[in-house]
Amino acid sequence: MESEYESGSFGRAIFKTKCKGITRGFDLYCTIKSIEKKFVLIEDNDNFLYLVDKKDFQFTKEDKK
C-alpha cells in the first residue's frame, strides 16, 4: 500500500531492508528529504539518513508535535 507523500512530509515510516541475508524491519518517525524514481531518502529524529526502496516503503503522514 503506497501513501501519498512528498518531500518535507513528516510521519511514520515502516520498511524492511535485507543485507547479507539478514532482514531487518524499521518502524520510525521521520521526514522525507527526497523522492526519486525507485528510492526515498528519509531522515529520522536522530538525524540518521535512510535510503529506502519505494516498493518496501509505507508512510503515514502526521502532524509534527
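Residues numbered from 1 in each chain as written. Predicted model: local features only at pLDDT ≥ 70, side-chain atom pairs only at ≥ 80, totals over all residues. Heavy atoms only, no water.

Draft legend 1. Focus on the sheet that holds strand β5 (residues 58-61). Spatial ordering of the open sheet is given by β4-β3-β2-β1-β5, a layout of 5 strands whose pairing is antiparallel. Only two strands of the sheet have a single partner each, and these edge strands are β4 (49-53) and β5. The mean angle between the axes of side-by-side strands here comes to 45 degrees, regardless of whether they run parallel or antiparallel. Pairing of strand β1 (residues 10-19) with β5, which is carried by 4 bridges, proceeds in the antiparallel orientation. (Pairing = 2+ DSSP bridges. Helix = DSSP H or I, 4+ residues; strand = E, 2+ residues; numbered from the N terminus. Axes fitted to C-alpha atoms, helices over the stretch in contact; angles between N-to-C directions.)

Draft legend 2. Structural detail: the pattern of salt bridges. If you walk through the whole model with that rule in mind, you get 2 salt bridges. Between Asp27 and Arg12 there is a salt bridge, and its shortest N-O distance comes to 2.5 Å. Pair noted here: Asp27 is in strand β2 (residues 22-35) and Arg12 is in strand β1, with a separation of 15 residues, a long-range link. For Asp27, a relative accessible area of 47% corresponds to the partly exposed category. Of the residues examined, Arg12 reaches a relative accessible area of 32% and is grouped as partly exposed. The salt bridge involving Lys33 is made with Glu43; its shortest N-O contact spans 3.2 Å. Of this pair, Lys33 sits in strand β2 while Glu43 sits in strand β3 (residues 39-44), placing them 10 residues apart in sequence. Lys33 sits in the partly exposed class, given a relative accessible area of 43%. For Glu43, a relative accessible area of 18% corresponds to the buried category. (Salt bridge = Lys/Arg side-chain N within 4 Å of Asp/Glu carboxyl O. Buried < 20%, exposed > 50% of the residue type's maximum accessible area, 1.4 Å probe, protein only.)

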